[in-house]
Amino acid sequence: MNDRASMPERRLDRRIPLGCAASILLAGGRTVAAECIELSISGMTLHAAYVPGEAEVIEVLVAPPSERVERPPLVTRLKVTRCHALGDGRYEIGGAIVRVVG
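Draft legend 1. Unusual backbone geometry, seen in detail. Positive phi, close to 65°, is recorded for Ala-55, a residue that is not glycine. Judged by relative accessible area, Ala-55 falls into the partly exposed class, the value being 37%.

Draft legend 2. The pattern of salt bridges, seen in detail. Summed over the entire model, instances satisfying the criterion amount to three salt bridges. Two residues, Arg-77 and Glu-59, come together in a salt bridge whose shortest N-O distance is 3.3 Å. Residue Arg-77 is found in strand β5 (residues 74-85), and its partner Glu-59 is found in strand β4 (residues 57-62); the two are separated by 18 residues along the sequence. Judged by its relative accessible area of 22%, Glu-59 falls in the partly exposed class. Note that Glu-92 and Arg-82 form a salt bridge whose closest N and O atoms lie 3.0 Å from each other.

The rules we used
- Residues numbered from 1 in each chain as written.
- Predicted model: local features only at pLDDT ≥ 70, side-chain atom pairs only at ≥ 80, totals over all residues.
- Heavy atoms only, no water.
- Buried < 20%, exposed > 50% of the residue type's maximum accessible area, 1.4 Å probe, protein only.
- Salt bridge = Lys/Arg side-chain N within 4 Å of Asp/Glu carboxyl O.
- Helix = DSSP H or I, 4+ residues; strand = E, 2+ residues; numbered from the N terminus.

Spelled out as structure tokens, the structure:
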């Protein structure tokens, strides 16, 4: 029996809209420019010209929201849960944070 009421809600955490510069750090030292659209304690949404594999774990660096804030960037490992084209050569990537690296 597939009862919708028993299914876990994936977006219980409060999402904070950001619009911060970000980078996807790939194997071999390559980086892909991205924008962190929103962030929660358990996940984030990015816009980037990168198509990740299904359930791929990517490393993401998110810059502080303001140059006036003296903070190091947030570095996480993100397990991709969704990806769809935005129509301008970029993709919206959503995922769950599996580890905060720094």
